[in-house]
Amino acid sequence: MNFPILSSLILLPSIGALFLFFTKSKQENNITIKYVALFTSLVNFFLSIYLWILFDQSTSEFQFIEDRIWIEGLVNYKVGVDGISILFILLTTFITPICIISVNNSIKTRLSEFLIAVLIMETFMIGVFCSLDLIVFYLFFEAGLIPMFLIIGIWGGSRRVYSAFKFFLFTLLGSVLMLVAIISIYWITGTTDFIHLYELGIDAKYQNFLWLAFFSSFAVKTPMWPVHTWLPDAHVEAPTAGSVLLAAILLKMAGYGFIRFSLGLFPIASDTFTPLIYSMSVIAIIFTSFIALMQEDMKKLIAYSSVAHMGYVTLGIFTIQQQGIEGSIIQMISHGLVSAALFLCVGVVYDRMHSRLIETYGGIVTIVPKYAVLFMLFTLAALGLPGTSGFVGEFLILMAAFKDNFLVAVIACFGVIIGAAYMLWLYKRVIFGKLVNLDLKQMIDLNKSELFILSCLAVPTLFFGFYPEPLINTIEVSISDLIKVYNVNLTSN
Amino acid sequence: MEISIIALPLIASIIAGFFGKLIGDRNSEIITSLLVTVSAILSAIVLYEVIINQYQDNIIIATWISSGTLEVNWSMKIDSLSAIMLVVVTSVSSLVHIYSIGYMSHDPHKPRFMAYLSLFTFAMLMLVSSDNFVQLFFGWEGVGLCSYFLIGFWFKKESANKAAIKAFVVNRVGDFGFALGIFLIFYLFGTVNYSEVFELIPTIVDKNLIFLGIEFNSIDLICLLLFIGAMGKSAQLLLHTWLPDAMEGPTPVSALIHAATMVTAGVFLVVRCSPIYEYSELALNIITIIGMSTAFFAATVALVQTDIKKIIAYSTCSQLGYMFFATGVGAYNVAMFHLFTHAFFKALLFLGSGSVIHAFKDEQNINNMGGVWKKLPYTYGLMIIGTLALTGFPFLSGFYSKDAIIEFAYLKGNTSGLYASGIGIITALLTSIYSWRLIFKTFHGDYNNKKIKIEETHESPLVMLIPLFLLSIGAIFAGYLFKELFIGYGSINNFWQGSIFLIKPLSTEHPPLWFLILTPVLVILSIPIAYYLFVKNKNLPKQIAEVNKPLYNFLLNKWYFDELYDSIIVKPSKNFGLFLWKFFDIRLIDGFGPDGISILIKKISLKAKKFQSGFIYQYAFVMLLGFSALLTFLIVK
């Protein structure tokens, strides 16, 4: 066996976290602590880039597989990546260092504990995206809750406890059912190995129940309407870095889960429940867009817009078409970059003025010009302007949806109009207009580290908008094979 | 060389946008103007090649999106149609760049302004030179974005910000239709490249499909959806409300974006898609009707407006209506011809009005002007040329293009064509009246401005007058010089070479003589009428307005479209959003969901708490009760 690159990716952040655990948490150590965390996450990022380079795009087989016995005859620790998972791993390793750099101003207390939570989170997330055993997947999937729960509960705003519990209850509720489903799968087939299951297939009569159980977990985490109400609260209370992690990575686990497990293991049930997903998606797109229009809190607005964007994702996945699924993955990557950036943008002004309310601001374009430019860019990406990554995903999804169902596509497309309205209105109220609140005059433009991280997010947003080929090439074969298998399963039953 | 036509404005925009502070105001102005001018010269060379050597090309620059069967390239298609557009866009743009150096001389954000102008030029060039619908859409939204930036350029003005958002969102409504059109094309043909789609069109002539419960012919549906996009961008009736408000932007912007180039993109789209539209009688009729309604509507509103820029904005709206009904009657080349000449004289009028506004130190109300024609001789003369060209005074450019539209509508022979030509003639008369009203009220009569003295008004600097002068040459000669090329006998085959497709060749008959001279006669007669009304007997228009108060208010308030949309769309949307949030999310989902459950659990546990009182006799009593219940159960069983 070669160098266990995936296990290294999973474990490295934890090793960094362990190191931090044994460092004394003192004010003067803060810089060292930060550099240790940053160094760890950067090594991980470069390792994942190396993984991407080694990755063979011409096959849909899982690569870099590691298979170790964990509990004899029951669970194997099995990891591997294909074109779908590798992009999410990259997104995770890319966002984590950005998060770590961004803690400068926002986290004042218990820095080292915070960074431990972030690094542990990275471990779990990478674990989710490359585990090939259902039990291992479940463990990582659920474990991801804990650091996030702590981040909101400890470093959050005034209503942090309420939000943390709401977040925890919602997500746990769905997950319990998924655990039941995984156990059932073990009883039905005798294995929890994903590759085995994928080849074996699951009897059609069990699929509906299993699909629903997985769905209940994924729907909450996506979040889909009507189980989305935890997200705005969680975002509002979470510290900036927490919101970034939550929006950029945590929400993607469910989308990934839908593609990997719902489509992969339960094709017949997926086909049955497609109308359900379609209706929930378009309701999410329209309802939450309208709600976003009326928000007074910047973070809440962006949180609601996230729900709408994830609505496009679920819609695209269940079109079961090349364009739709590719669009969904690009939309998830793009949303990861853009929502992370938007939350960072809110964080920038929050650190200076300690208010997230839109009405506090206005007329700051000349005071903070650099900030205004970058915020504009991400606003445009969020409303899906061609030339940004947001457009490519949305366009492909809508194109695929249109092939499948005119009505759904028309309604979803309507969301694009409201999307433009609420984003531009937000921008106008924050940045343009007359300067009314004179305290704003004291605001300082982006400092070097803020400028750096926002630029880091801006570059791929624009690059993939003009040239999404690197993304599409990575996922193309995996998705076309997934669709082939899906259709074979569907017709044979 | 071809690619540099597109690339130069982009480079200019990047230089001015990112390094504007570094290189200074003057340098960014010079660099952007220079690069765009070079691009204009190159476009002229390309057009020359197209005319003389029948040059055509389809350059693929790079792959953009390739997903499954969808293949979209960054590309540059050069044929007669795009070559014309390249020349129109780059030449007007370069003149506007130069003009802006003078016009924006007191503005603190010059590099940013120049960067937006160049970026706009880039997006517009991407739009016109695309070889597929998706790149067209890129340019389409790109120009919308730049228009948003430029309308809201004076970001401190609340009205400017509102107008900017309105422009973007209303355009998005159009784009919504446009995007659906693209999806439908991909659904039916599996490709979005023009040439492939156009080839496949005849194969689906009889194909019907059910769309939202209504059965459509598929070609009709494509055409209508694409036309919704065109209506948004070209400010046609129902989606026109953003254009007058867009006048909040600096005047050079109005000239470039909201007169000469961006707003004509819709016309360009219909002409580009002539191979599709030719198969859809229904869509063509609808375009004719919308076009002529817009032409008439906008002209009536322009009659009573008092803001100099708004009058010209409505005039643009109206002229775009002409172009649309030209395409509606199948005279695509005539529509392009009017687009071409209109670009010159409308840009001239806008830049001229900018010069007037400049002279009056940012006064835009024509009631506060007057009597300054001697003070602003060049502006006055150039504005007269623009007005003559616009109204279709014989032998100026508008005469050739506009009259041709009315003639072709007449010759089309069907009902909508006849109506359109009738409306076209009436609108031409109205156009002439409101245009001369503008001239007379601005330059003649008494001096009415209370803020600044007449001595303080001044002629604009050379850097502003030279572009005006160049445009006026276009406004005078463009019609005469290019008439044969654009709409002459056999031009469809000689010049357009397949970029315009016709099922039936255009009629080559001539309308009767009385019809031919009717419009020019009306136009000429309207000059003394306008002079009488607005200079000699100024009380008469007031009396007319007084007598017809409801009609006057109706026109003054632009047929109440804004109020209507506000009450049936904007307010309900906000209320709907509030309702969904406060009631649905908070009351229903959270109320019955997490909050409700937690309250329920709390209540239950409160009850349970009472059980654990700590008194032994209570516990014993409960035990006794339980024991006897169990015993009873066992006995009964």
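Just so we're clear, the structure is a prediction, and the values are computed from it rather than from any experiment. (Residues numbered from 1 in each chain as written. Chains lettered and ligands numbered in written order. Predicted model: local features only at pLDDT ≥ 70, side-chain atom pairs only at ≥ 80, totals over all residues. Heavy atoms only, no water.)

## A look at the interface of chain A and chain B
On the chain B side, the residues contacting the 61 residues of chain A number 53 residues. When the buried area of chain A at its contact with chain B is split by residue, A:Met294, A:Phe402 and A:Phe406 rank highest and sum to 12% of it. Linking chain A with chain B are one salt bridge, by the criterion used here. The salt bridge involving B:Glu158 is made with A:Lys428; its shortest N-O contact spans 2.9 Å. (Contact = heavy atoms within 4.5 Å. Buried area = accessible area lost by both parts, 1.4 Å probe. Salt bridge = Lys/Arg side-chain N within 4 Å of Asp/Glu carboxyl O.)

## Considering unusual backbone geometry
Between A:Thr222 and the following residue, A:Pro223, the backbone shows a cis peptide bond with an omega angle of -15°. The residue A:Pro223 is located in the loop between α9 (204–221) and α10 (230–237) in this model. Not every positive phi belongs to a glycine, and A:Ile320 is a case in point at roughly 50°. Its identity is not glycine, yet B:Ala235 carries a phi of approximately 50°, on the positive side. Note on placement: B:Ala235 falls in the loop between α8 (218–233) and α9 (242–245). (Helix = DSSP H or I, 4+ residues; strand = E, 2+ residues; numbered from the N terminus.)

## A word on a nonpolar patch on the surface
On the surface, a nonpolar cluster with roughly 830 Å² of combined accessible area is contributed by B:Leu462, B:Ile466, B:Phe469, B:Leu470, B:Ile473, B:Phe477, B:Tyr480 and B:Leu481. Inspection of the secondary structure puts B:Tyr480 in helix α19 (residues 462–487). (Patch = residues over 30% accessible without salt bridge, like charges linked within 9 Å, V, L, I, M, F, W, Y side chains within 5 Å. Areas by Shrake-Rupley, 256 points an atom, 1.4 Å probe, with all protein chains shown as cover.)

## A look at the state of the cysteines
Residue and element names in this part refer to chain A. As enumerated under the stated definition, the model contains zero disulfides over all chains in all. Unpaired in this structure, Cys456 has its nearest cysteine sulfur neighbour in Cys99, at a distance of 13 Å. Taking relative accessible area as the criterion, Cys456 reaches 23% and is therefore assigned partly exposed. (Disulfide = S-S within 2.5 Å. Buried < 20%, exposed > 50% of the residue type's maximum accessible area, 1.4 Å probe, protein only.)

## Points about the pattern of salt bridges
If you walk through the whole model with that rule in mind, you get 16 salt bridges over all chains. In this structure, the salt-bridge partner of B:Asp79 is B:Arg272, at a minimum N-O distance of 2.9 Å. Highlighted residues: B:Asp79 in the loop between β2 (70–78) and α3 (80–103) and B:Arg272 in helix α11 (residues 265–272), separated in sequence by 193 residues. The burial state of B:Asp79 is the same as that of B:Arg272; both residues are buried. In this structure, B:Glu248 engages B:Lys157 in a salt bridge whose closest nitrogen and oxygen atoms are separated by 3.1 Å. With a gap of 91 residues between them, B:Glu248 in the loop between α9 and α10 (251–260) and B:Lys157 in the loop between α5 (133–151) and α6 (158–189) connect regions that are remote in the sequence. Look at the salt bridges and you will find they share partners, linking A:Arg159, A:Lys166 and A:Asp233 into a network.

## So, the packing of helix α15 (residues 332–359) of chain B against α19(B)
All names here are of chain B. At a minimum axis distance of 9 Å, the contact between α15 and α19 shows a crossing angle of 165°. In this view, α15 runs roughly antiparallel relative to α19, as classed from their interaxial angle. Handedness of the crossing formed by α15 with α19: left-handed. Among the residues making up the contact of α15 with α19, the classes are represented as 17 nonpolar, eight polar and one charged. (Axes fitted to C-alpha atoms, helices over the stretch in contact; angles between N-to-C directions. Parallel < 35°, antiparallel > 145°, perpendicular 65-115°, else oblique. Left-handed = near helix turned anticlockwise from the far one by under 90°. Nonpolar A, V, L, I, M, F, W, Y, C, P; charged D, E, K, R; others polar.)

## Let's talk about the packing of aromatic side chains
Residues and elements named next belong to chain A. Across all of its chains, the model carries 78 aromatic pairs over all chains by this definition. Ring centres of Phe149 and Phe165 lie 5.5 Å apart, and the angle between their planes is 80°; on these two criteria the pair is classed as edge-to-face. Taken as a pair, Phe149 in helix α6 (residues 145–155) and Phe165 in helix α7 (residues 160–189) lie far apart in primary sequence, 16 residues in all. (Phe/Tyr/Trp six-rings, centres within 6.5 Å; stacked < 30°, edge-to-face > 60°.)

## Remarks on the nonpolar core
Of all hydrophobic cores here, the largest spans 428 residues; its most connected members are A:Ile329, B:Phe133, B:Tyr148 and B:Tyr277. Discounting residues that sit within four places of it in the chain, A:Ile329 has contacts with A:Ile84, A:Leu87, A:Phe88, A:Ile259, A:Ile475 and A:Ile479. (Core = buried A, V, L, I, M, F, W, Y, C linked by side-chain atoms within 4.5 Å.)

## What to know about the environment of A:Met148
Residues and elements named next belong to chain A. Considering the arrangement of structural elements, one finds Met148 in helix α6. Take Met148: its relative accessible area is 0%, and that puts it in the buried class. Once the C-alpha coordinates of Met148 and Leu250 are considered, the two residues, 102 residues apart in sequence, prove to be 9.0 Å apart. In this structure Met148 touches Met121, Phe167, Gly242, Leu246 and Leu250, once residues within four positions along its chain are discounted.

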